[in-house]
Amino acid sequence: MTTILSIQSAVAYGHAGNSSAVFPLQRLGVEVWPVHTVTFSNHTGYGAWRGPLIPASDVREVILGIDDREVLTQCDAVLTGYQGAPEVGQVILEAVELVKNRNPKAVYCCDPVMGDVGRGFYARPGIPEFFRDHVVPVADILSPNLFELEFLAGATVKTMDDVLAAAHTLRARGPKTVLVTSVVVESDQEQVMRMVAVDGNEAWQVETPMIDRAFTGSGDLTTATFLAHLLAGDGLKRSLEMTADTVYGILKATHDAGSAELLLVQAQDELVAPTNKFEAIPTT
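**Q** Would you explain the nonpolar core in this entry?
**A** Here is a general trend for soluble globular proteins: nonpolar side chains tend to be buried in one another's company. One finds L5, I7, Y108, V163 and V180 to be the most contacted residues of the largest nonpolar core, which totals 50 residues. The element best represented in this core is helix α3 (residues 86-102), accounting for 8 residues. The residues touching V180, leaving out its near neighbours within four places in the chain, are P144, N145, L146, L149, V163, A167, R194, M195 and V196. Listed in part, the 36 residues of the second largest apolar core include V30, C109, A197 and A280.

**Q** Sorry if this is basic, but what is going on with the packing of helix α5 (residues 146-153) against helix α6 (residues 160-172) here?
**A** A pair of packed helices is captured by two measures, namely the crossing angle of their axes and the spacing between those axes. Following both chains from N to C, one finds α5 and α6 inclined at 55 degrees, their axes separated by 9 Å at the closest point. Looking at the two axes, α5 sits oblique to α6. For the crossing formed where α5 meets α6, the hand is left-handed. The segment α5 lies against α6, with L146, L149, L152 and A153 engaging V163, A166, A167, T169 and L170. Each residue belonging to the contact of α5 with α6 can be placed in one class, and the counts come to 8 nonpolar, 1 polar and no charged.

**Q** I'm lost on the pairing of strand β8 (residues 177-183) in this one. Help?
**A** Along any regular strand, the residues point their side chains to alternate faces of the sheet. Within β8, 6 of the 7 residues are buried, leaving the element largely enclosed by the surrounding structure. Where β8 lies against strand β9 (residues 192-198), 4 bridges are found, and the strand directions are antiparallel. Pairing of V183 across the sheet is with R194, part of β9.

**Q** How do you make sense of the sheet that holds β9 when you look at a structure like this?
**A** The pairing of strands in a sheet comes from backbone hydrogen bonds and takes either a parallel or an antiparallel form. Strand order in this open sheet of 9 strands is β2-β1-β3-β4-β7-β8-β9-β10-β11, and the pairing throughout is mixed. At either margin of the open sheet sits one strand with a lone partner, and together these are β2 (31-40) and β11 (281-282). Strands β7 (141-142), β8, β9 and β10 (203-209) of the sheet are contacted by α6, whose axis makes an angle of about 35 degrees with β9.

**Q** How should the packing of aromatic side chains be read in this particular structure?
**A** What characterises a pair of aromatic rings is the spacing of the ring centres plus the angle enclosed by the ring planes. Going through the model one piece at a time under the given rule, you end up with 5 aromatic pairs. Ring geometry for F121 against F151: centres 5.2 Å apart, planes inclined by 85 degrees, an arrangement best described as edge-to-face. Residue F121 is found in strand β6 (residues 120-121), and its partner F151 is found in helix α5; the two are separated by 30 residues along the sequence. Overall, F121 belongs to the partly exposed group, its relative accessible area being 43%. By relative accessible area, F151 is classed as partly exposed at 21%. Seen from their ring centres, Y248 and F278 are 5.2 Å apart, and the 85 degrees between their planes marks the pair as edge-to-face. One end of the pair, Y248, is in helix α8 (residues 235-257); the other, F278, is in the loop between α9 (269-272) and β11, and 30 residues separate them in sequence.

**Q** Is there a simple way to explain the side chain of T208 in this structure?
**A** Note that T208 resides in strand β10. Residue T208 is classed as buried on the basis of its relative accessible area of 12%. Sequence-distant contacts of T208, that is, excluding residues within four places in its chain, are made with V192, M193, A244, Y248 and F278.

**Q** It is not clear to me how unusual backbone geometry should be interpreted in this structure. Could you clarify?
**A** Leave glycine aside and you will find that most residues have negative phi; peptide bonds, for their part, are mostly trans. In this structure, E70 takes a positive phi of about 60 degrees despite not being glycine. In the Ramachandran plot, S182 falls in the positive-phi region, its phi being about 55 degrees despite a non-glycine side chain. As for its placement among the helices and strands, S182 is situated in strand β8.

Cut-offs used in this document
Residues numbered from 1 in each chain as written. Predicted model: local features only at pLDDT ≥ 70, side-chain atom pairs only at ≥ 80, totals over all residues. Heavy atoms only, no water. Core = buried A, V, L, I, M, F, W, Y, C linked by side-chain atoms within 4.5 Å. Buried < 20%, exposed > 50% of the residue type's maximum accessible area, 1.4 Å probe, protein only. Helix = DSSP H or I, 4+ residues; strand = E, 2+ residues; numbered from the N terminus. Contact = heavy atoms within 4.5 Å. Axes fitted to C-alpha atoms, helices over the stretch in contact; angles between N-to-C directions. Parallel < 35°, antiparallel > 145°, perpendicular 65-115°, else oblique. Left-handed = near helix turned anticlockwise from the far one by under 90°. Nonpolar A, V, L, I, M, F, W, Y, C, P; charged D, E, K, R; others polar. Pairing = 2+ DSSP bridges. Phe/Tyr/Trp six-rings, centres within 6.5 Å; stacked < 30°, edge-to-face > 60°.

So, to be careful, I would describe these as geometric facts and stop short of saying anything about function.
Written as structure tokens, this is what we have:
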């Protein structure tokens, strides 16, 4: 059975961070060991929330406690998203090193959550630079959105050629695979959203209809789904397609219901048997 150590934020109400990634992974048949970096009542998009940031030392203790069970040899991947402080980021890098020491075949998949188009940076000061300087070189799989891609690659992205060039710039610095999410380029005549997946041998893009609203937790769902399919051996093209099919299905169900939170439980069949099918095409 595939096993993932997921080090992310968590909310009691709604879906973001681990609260958006763990159940979809489990529904896909993946064993997940969640380690929380915050435990909030709800995601911060509401403007008010309660609950603690978990001190970096406590996050480290939880990870070391898992290692005490001598089970990290079974861990196939480390998955991370929002990092509340550089100190937590350092603990994550230590965890990646520990897991890879226990299982050299394990991979590190990072969603470098720091900002978005139209919003700018919302991560705490120092986090974007930490991702760029310390995380990118050690990540095996990286899943930036368009805004994060521009920052990490140090490039302006306006066209699909720019997207590919920036993705390859990141690959040259460490990650074997780059998934770019929320891609909208100047040449798009229709209201579509694209995802682009690039590795050392292939580059694919897939487009889905635009749903004109923001969804908190969708990036966490996207990265978790993509990682699960890659680890299942589905290949880059199929993993991208299944991610697009799944995420669009969940987002559409959420939008149609007028829900403020992702309908991960109510629409869970979309995780394993998506209603919509989108075909990826080569991109060069």
